[in-house]
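# Inside the fold
This is what each chain is made of:
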Amino acid sequence: MKTNIVKLIENRWAIILVILLYSIISFYNLGRSYNPKTYIDYKKGSNITYKYDNKYISYIDYFSGRYGSNLIISTSYDGVNYTDIYKSEGRSLYPFSWNRVNLYRDINYIKITFIEESSLGEVSMIDYNHNLIKDNKYRLLSDEGYMHSDYNYMNSTYFDEVYFARSVYEYKNNLNIYEWTHPPLGKMIMSLPVLITNNFSPLTYRLSSFVAGILIVYVTYLLCKALFNYKYAVLGAIFVSLDTFHYTYSRIGTTDSLLTLFIISSIYFMIKYIKTNKLVVLLLSGLLFSFSIATKWSGFYAGIVLVILYFYSLYKNKTNIYRFLIYGFSFFILIPIILYLVLYLIYPKNTVVYTSSINKIIDITKQMYSYHSNLTDTHYFSSKFYTWPVSYKPVWLYTISYENMRGSISTIGNMVIWIGGIVGFIYSLIRLKKDKVSQLLVITIISLLLPYMFINRAMFLYHYYPALIFVIIALVNLVYMLDKKIKYSSYIVILCSLIFFIIYFPVISGIVVKSDYLERLRLFSSWIFWGYYD
């Protein structure tokens with residue numbers, strides 16, 4: 001007699017429950033829904049001065065705008081001779097970020113001097129009782145609801161949001177786009193929630209990534225359903241939902257979850273085309289492939305597996321060779337080129353080239369290629385592609401500390417799922433000549449990883465994201481076999497994955513816990529959860 005949990009997994013409503021639970025957990029503490037609305041830009045060397053009559057000030061809160069805030073804060077007794085007490089550096093330079101400067105003293109004069117071009121959305125002086133000083137004439141907002149308790153990821157940008165969130169703000173306000181090293185589609189999609197709600201905030205500029213994360217769970221379900229059956233389709237969705245990397249990277253305001261969604265969706269529709277031979281399905285595959293390229297150039301890597309599958313469809317469906325070539329050229333070459341050009345033409349403003357013509361688009365494309373091919377900068381968290389499957393060097397995105405308490409956000413993978421996925425890939429290799437599912441998985445995973453063998457610039461674990469989804473499906477393929485030999489194998493893997501997710505939740509969510517707890521979770525010396533290690 002089946003247990004309740006088995007009945008639940010095999011129930012037709014199970015996928016809805018999985019997506020609903022994942023959505024709730026992923027949405028929790030995604031970000032605040034408000035930010036300062038008004039910003040003032042300051043030129044290099046300019047300054048603003050606050051005059052008080054021996055007023056006790058506990059601290060200054062300030063919120064930086066699109067340029068960040070590269071500044072020095074000084075105090076003076078007589079308004080002539082100033083002493084520097086603070087210079088912004090590191091994270092305090094980030095755009096759209098709260099910062100706090102502790103004073104705890106009586107103040108006559110405060111001067112803010114801008115070292116570089118900067119922008120501010122808020123400057124608030126806080127008194128002895130932690131109340132806003134009302135006579136702050138430079139305060140840019142009147143709503144005290146914008147006061148905050150401290151800097152954290154909920155109200156400020158972190159990691160690559162400093163580029164992408166800024167670009168979202170610039171799209172909203174019809175300004176030159178700062179982030180030009182990737183095609184525009186992903187940033188445009190990120191801008192949609194901001195434009196629709198007319199609200200630029202951490203919640204809205206992360207919302208597209210969050211929705212993409214949900215859709216990745218669903219598309220994984222569709223892929224597994226096409227390859228296995230309903231039960232193992234739900235299993236694939238559960239594995240993705242419990243993956244710690246997926247959770248983390250679908251909650252940050254960047255375009256990588258969108259890229260992954262487009263890649264795996266284009267492959268899914270190609271698989272469906274092989275089965276159905278329907279032209280509209282092939283068109284959808286081509287459109288989503290176009291979206292991936294127009295988000296990041298690494299979307300091209302999906303083209304390798306798509307070409308292989310498309311040629312397989314020629315053999316399986318016995319398609320007319322002329323139709324085969326025309327559709328292939330139209331959907332996978334012509335449409336991507338047209339979309340790429342149109343996106344630049346409809347919004348030509350950026351900080352490099354005004355893309356008002358095809359020649360200008362070619363120019364910025366050349367500059368993008370030159371930037372990526374000549375990039376020699378190193379990064380502490382860069383890693384080689386062959387280390388990605390074991391999550392050897394996750395990217396440390398964020399930390400916050402209070403005495404012996406710390407919060408962290410790191411892109412570690414769920415080791416139960418990732419190691420299981422490696423075993424699943426090996427199993428698929430063994431089965432390569434025996435079943436088509438294993439062939440598909442091996443071809444797809446290798447195709448999505450192979451190009452990184454030839455890239456010399458700094459690379460990061462998040463480049464593994466699209467391949468990861470198919471590694472997870474390889475785990476499903478393994479469990480599909482194990483269930484025939486060991487009863488309840490799939491539920492054992494689910495339980496172990498859930499335990500890992502719960503134990504490591506503070507590492508991926510920013511929840512503040514004791515520092516010792518974070519330290520005990522480091523499986524490799526390269527796993528950084530707070531500060532830097534030798």
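See the structure above.
Everything numeric in this text was worked out from a predicted model, so none of it was measured.

## Re the environment of G79
Looking at where G79 falls in the secondary structure, it is placed in the loop between β3 (71-76) and β4 (82-87). As for G79 and V342, which are separated by 263 residues in sequence, their C-alpha atoms are 56 Å apart.

## Thoughts on a positive patch on the surface
Taken together, the side chains of K275, K316, K318 and K436 make up a positively charged region of the molecular surface. Secondary-structure assignment places K436 in helix α14 (residues 436-449). Of the residues examined, K436 reaches a relative accessible area of 57% and is grouped as exposed.

## Some details on the pairing of strand β7 (residues 396-402)
Across the seven residues of β7, five count as buried, placing the element largely inside the fold. The sheet contact formed by β7 and strand β8 (residues 405-410) spans six bridges and is antiparallel. Residue Y402 lies in a different strand from β8, and its bridge partner there is M405. The hairpin turn running from β7 into β8, its antiparallel successor, is two residues long, and E403 in that turn takes a positive phi close to 55°.

## What about helix α6 (residues 230-241)?
Between its terminal C-alpha atoms α6 stretches 17 Å, which fits the 16 Å expected from 12 residues at 1.5 Å a residue. Most of α6 sits inside the fold, with 12 of its 12 residues counted as buried. Turning to α6, its buried residues number three or more, namely Y230, K231, Y232, A233, V234, L235, G236, A237, I238, F239, V240 and S241. For α6, the capping residue at the N-terminal end is N229, with a side-chain oxygen 3.2 Å from the backbone nitrogen of K231.

## A short note on the nonpolar core
Counting residues in each nonpolar core, the largest one holds 140 residues, and the members touching the most others are Y158, F239, L397, Y464, F470 and I473. Once residues within four sequence positions are removed from consideration, Y464 is found in contact with W388, P389, W418, L449 and V471. Within the second largest apolar cluster, 20 residues are counted, among which are I57, L103, I112 and M125.

## Notes on the pattern of salt bridges
In this structure the tally under the stated criterion is nine salt bridges. Two residues, R66 and E170, come together in a salt bridge whose shortest N-O distance is 3.1 Å. Taken together, the residues span a long stretch of sequence, with R66 in the loop between β2 (47-64) and β3 and E170 in helix α3 (residues 161-172) at a distance of 104 residues. For R66, a relative accessible area of 12% puts it in the buried group. For E519, the salt bridge goes to R522, with nearest N and O atoms at 3.2 Å. The class of R522 is buried, set by a relative accessible area of 18%. Taken together, the shared-partner salt bridges in this structure form one network comprising R66, R166 and E170.

## Description of the sheet that holds strand β9 (residues 513-514)
The three strands lie next to each other as β7-β8-β9, forming an open sheet whose pairing is antiparallel. Strands with a single pairing partner mark the edges of an open sheet, and in this sheet they are β7 and β9. Where β8 and β9 come together, two bridges link them in antiparallel fashion. The partner of M405 across the bridge, within β9, is K514.

## Section: empty space enclosed by the protein
Applying the stated criterion across every chain yields a total of three cavities of 30 Å³ or more. Taken as a whole, the largest cavity holds about 90 Å³ of empty space. Taken together, Y171, I177, E179, W180, H182, P184, K187, Y344, Y347, K349, N350 and I364 make up the lining of the largest cavity. Looking at side-chain class alone, the lining of the largest cavity contains seven nonpolar, two polar and three charged residues.

Criteria and thresholds
Residues numbered from 1 in each chain as written. Predicted model: local features only at pLDDT ≥ 70, side-chain atom pairs only at ≥ 80, totals over all residues. Heavy atoms only, no water. Helix = DSSP H or I, 4+ residues; strand = E, 2+ residues; numbered from the N terminus. Patch = residues over 30% accessible without salt bridge, like charges linked within 9 Å, V, L, I, M, F, W, Y side chains within 5 Å. Areas by Shrake-Rupley, 256 points an atom, 1.4 Å probe, with all protein chains shown as cover. Salt bridge = Lys/Arg side-chain N within 4 Å of Asp/Glu carboxyl O. Lys, Arg positive; Asp, Glu negative; His and termini not counted. Charge placed at Lys NZ, Arg CZ, Asp CG, Glu CD. Buried < 20%, exposed > 50% of the residue type's maximum accessible area, 1.4 Å probe, protein only. Pairing = 2+ DSSP bridges. Expected span 1.5 Å × (residues − 1). Polar contact = N/O pair within 3.5 Å; in protein donor to acceptor, adjacent residues only side chain to side chain. Core = buried A, V, L, I, M, F, W, Y, C linked by side-chain atoms within 4.5 Å. Contact = heavy atoms within 4.5 Å. 1 Å grid on protein atoms, 1.4 Å probe; cavity = no way out; pocket = protein on both sides within 12 Å on 5 of 7 lines; lining within 4 Å. Points joined across faces, edges and corners; volume = space filled by probe spheres on them. Nonpolar A, V, L, I, M, F, W, Y, C, P; charged D, E, K, R; others polar.

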